[in-house]
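These are the residues of each chain, in order.
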Amino acid sequence: MTHQPTSPTHPPPSKTYHLLPLLLWTGLWAVFWATILLGLERFPNSDFSGQFDAFARFQAREMLAGRIPLWSDGSFGGVPFVADTQAALFYLPRWLTIGLSAPFGFSYYALQLEALIHVWLAGLFSYWLVFDMTRQRWAGLTTAVSFALGGYLTSYPLLQLAVLETIIWLPLILILLRHTVRPPHSPFTIPHSPFPILTALVLALAFTAGHPQSFLHISYVSAAYFFFLHGQNGWQWRRVWGQGLVIGGVALGASAMMWLPALQFVPLTVRAEAGYDFVSTGQTAVNYLQLWFPSALTFWTPEYIGLTSLVFATFALLGRAKLTERNDPLRHEILFWFLLVLVAAWLSLGDKGILWEAWYYVAPGFQLFRQQERLVGIVALGLAILAGLGMALWWRPSPLQAQRRVWQNTAVFTATALLFLPLFLVIAAHIVPRPWVGQYLWQLLWSSLTIALLTATLGRQKSTVIPVLLVALLTLDLWSGTAVSIDRTPEPPRAIWPQPDWLTILQNEPEHGRIDPGFLFFVNFGEAFDRQSVRGISPLKPQLLEDFERTLPLSRLWPLLNVTHGLFEGGLPPDLVGTPLAEARASVIPGEVREAVLYRYDDPQPRAWLSTDPVFVPDEAAALALLAAPEFDVRRQVVLVQEGGNRAVTPTDQPFPLPQVSQIHPGRRLINVTTAVDTYLVISEWAMPGWHATLNGQSVPLLTVNYGLQGVFLPAGTHEVAVWFRPWTVVVGGWLSLLTLVAVSGWLIMQVRREK
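Residues numbered from 1 in each chain as written. Predicted model: local features only at pLDDT ≥ 70, side-chain atom pairs only at ≥ 80, totals over all residues. Heavy atoms only, no water.

Each helix and strand in the chain was counted, giving 27 helices and 15 strands. For the chain, the residues scored as buried account for 58% of the 756 residues in total. Taking the contacts inside the chain whose residues are at least 6 apart along the sequence as the reference set, 77% of them involve residues at least 24 apart. (Helix = DSSP H or I, 4+ residues; strand = E, 2+ residues; numbered from the N terminus. Buried < 20%, exposed > 50% of the residue type's maximum accessible area, 1.4 Å probe, protein only. Contact = heavy atoms within 4.5 Å.)

Right under this line is the structure:
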């Protein structure tokens, strides 16, 4: 059977056919987010400000200086910025945001605007997807509003920017897959259509948005839909494998500059070992009661797509057999999305659902990520598509008797759910006590309005007024249901970031080593304020730092990591000696107040120093244990794992001139040093793969000293040592992506010329 559009006849729409629904969608989006768009309110203090805005500010500083930021000194004593996927370094819309905001300076408002434009794109892509399925524009608009303004995208994905900017590409990928799988005009295995290539490029773009878990969900849904569409077309296996290989190969090649560095770095972080207990967490099944009653059980409302949408989704499921011909592809679309919603909802429960354990062992990729409740994004999209399909069935000319029968069943189901679900809420309220009675009465109002409007128009000539009223009702429903969880802060975005007095004092200090802000601020402090910090909030914390913190007191950690300043509440620990510089009551996070003090560390260790007293140990465990031993002098001695290349030096008590360190930019330093004897240069930088060193212009081995720091053996004399970060994964990944894009561009140009 061939896959054809779903309506009996579909003459080409006029040029203005889509103008009204798209204008309506844009207007509803603008009104929904008006206070944010006008700068009257801002997104709340969250990961959006603490991580994503901080990362974007660092990236903007570096890129506007003409550099690709491979390394950042702003978190955890230094991290490979290029390998942290949530930094989204190669995400092209981020580059566009940075470029367009450059004349005004990159700001919090610019990043908010980027997020909201992605919400608008989510609606646009959802509209085109359902229109392509149904050839019905009001069906597309119903899906657009349900998904893009629904509880999922307006809850934590809006603040977890990488989640939002990854998942919104799924509807576009599905549109391109539909065009890819349509019957070919060529007998070749890989048709000359550009759609497989375009699908792969959008997949690659989605991966660079920075959330691998959401990309994993996208990949599974796309693969399932790809095979579903081919099943509709009779399984021409040469086309299936040909198109699949092209899509997978081009997507991998185009995104290599992102995933190859991440593969190298993630095993070196605290996320290297993710066991079953870590990744099996999910939400409870009772949360799906929030399909009807948003915010009744939790602060977030990701399950909610609006009661009007639920009514239409129910209408689609009940009307599937009665309102369509048996060979109508819409029947199969409804079944596919219904089954997908069920599977995703079940898997979102994690270990609380029986299906999860089996899925964990057979589905590649699910062993890597925690918080399976993020699959609610797939549930929300699936339900929104079902709502659009239900609207299409409602709009489609059908025998009045059959349509009335389906509507009666839908109304009975909706009324029954609204009457009996409060019993479950009473039980659930003992688990998660939240006020729900007022919300229940409000939902009765919305459902009554929807049912009354649809009943009044049943069997009558459809006009544009009806879907416009329904979509307006849906938007108001979503606004009232999700307004609590959006949590807008009533102040302009320029409130991020404040500049308290103590921060100005810190920035004017003559010593510019690293700062230890402790755990006072849930923010990537260094990236936000162009400082070097030993703390951060990214989930990809280096395992080396975790080992140091677990084993060493601050009196040893600070000298090893070149800490010169610290923030403390309640005074310095007794083993540290510091000079108080200023009270730090005002936080860098708006609205927070701290009882902290900014200290200057009185005895900091330089960023680079010389040692003629190496201690050789058999392995890394012994090296870490020695660093913690009271008899080990971290300011004079250096510990190395015994290897054939290590060289002994003669200990001396002579003082050495302090090496002069010049930071060219993050990830590159020049060190000028003079020594009268052979010695070891100790550099307070993580000895991670990708760092290189030269001695007077000649490449030299970069040693690992003091368990995880860099070192270089120096013969007597005057030297210039250069160290810089450029991992082979960035070079190889960059070339793979470039060659893939060049090859794809050449192929597309050839196809355009061939068509002409």
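The next thing to look at is the pairing of strand β9 (residues 668–675). The alternating pattern of β9 places R669, I671, V673 and T675 on a buried face, while none of R668, L670, N672 and T674, on the opposite face, is buried. In this sheet, β9 lies alongside strand β8 (residues 660–665) in antiparallel orientation, the contact comprising five bridges. The partner of V661 across the bridge, within β9, is I671. As judged from the eight bridges shared by β9 and strand β15 (residues 717–725), these two strands associate in the antiparallel manner. What sits directly across from T674, in β15, is T718. (Pairing = 2+ DSSP bridges.)

This part takes up the packing of helix α1 (residues 19–32) against helix α6 (residues 137–148). One can describe the packing of α1 onto α6 by two numbers: an axis separation of 10 Å at closest approach and a directional angle of 15°. The orientation of α1 relative to α6 falls into the category roughly parallel. Crossing of α1 against α6: the hand is right-handed. Counted together, L20, P21, L24, W25 and L28 of α1 and R137, W138, L141, A144, V145 and A148 of α6 form the full contact between these two elements. Taken together, the residues of the contact of α1 with α6 break down into ten nonpolar, no polar and one charged. (Axes fitted to C-alpha atoms, helices over the stretch in contact; angles between N-to-C directions. Parallel < 35°, antiparallel > 145°, perpendicular 65-115°, else oblique. Left-handed = near helix turned anticlockwise from the far one by under 90°. Nonpolar A, V, L, I, M, F, W, Y, C, P; charged D, E, K, R; others polar.)

Okay, helix α15 (residues 307–319) next. Across its 13 residues, α15 extends 18 Å between first and last C-alpha, which sits within 8% of the 18 Å expected from 1.5 Å per residue. Taking burial as the measure, the 13 residues of α15 include eleven buried ones, the bulk of the element. (Expected span 1.5 Å × (residues − 1).)

Of note, the bond from I496 into W497 is cis; its omega dihedral lies within 30 degrees of zero at 0°. With respect to the secondary-structure elements, W497 resides in the loop between α21 (465–486) and α22 (501–507). Despite not being glycine, F76 has its phi angle at roughly 55°, a positive value. Structurally, F76 can be placed in the loop between α3 (47–64) and α4 (92–101). Residue F76 is classed as buried on the basis of its relative accessible area of 4%. A positive phi angle is found at A88, which is not glycine, with a value near 50°. Here A88 shows up in the loop between α3 and α4. Note on A88: relative accessible area 1%, which makes it buried.

With 18 residues, helix α12 (residues 237–254) should reach 26 Å at 1.5 Å per residue; the first-to-last C-alpha distance of 25 Å fits that figure. The set of residues buried in α12 consists of R239, V240, G242, Q243, V246, I247, V250, A251, G253 and A254. Among the structural elements, α9 (170–181), α10 (195–208), α11 (212–232), α13 (256–265) and α27 (728–755) are those in contact with the buried residues of α12.

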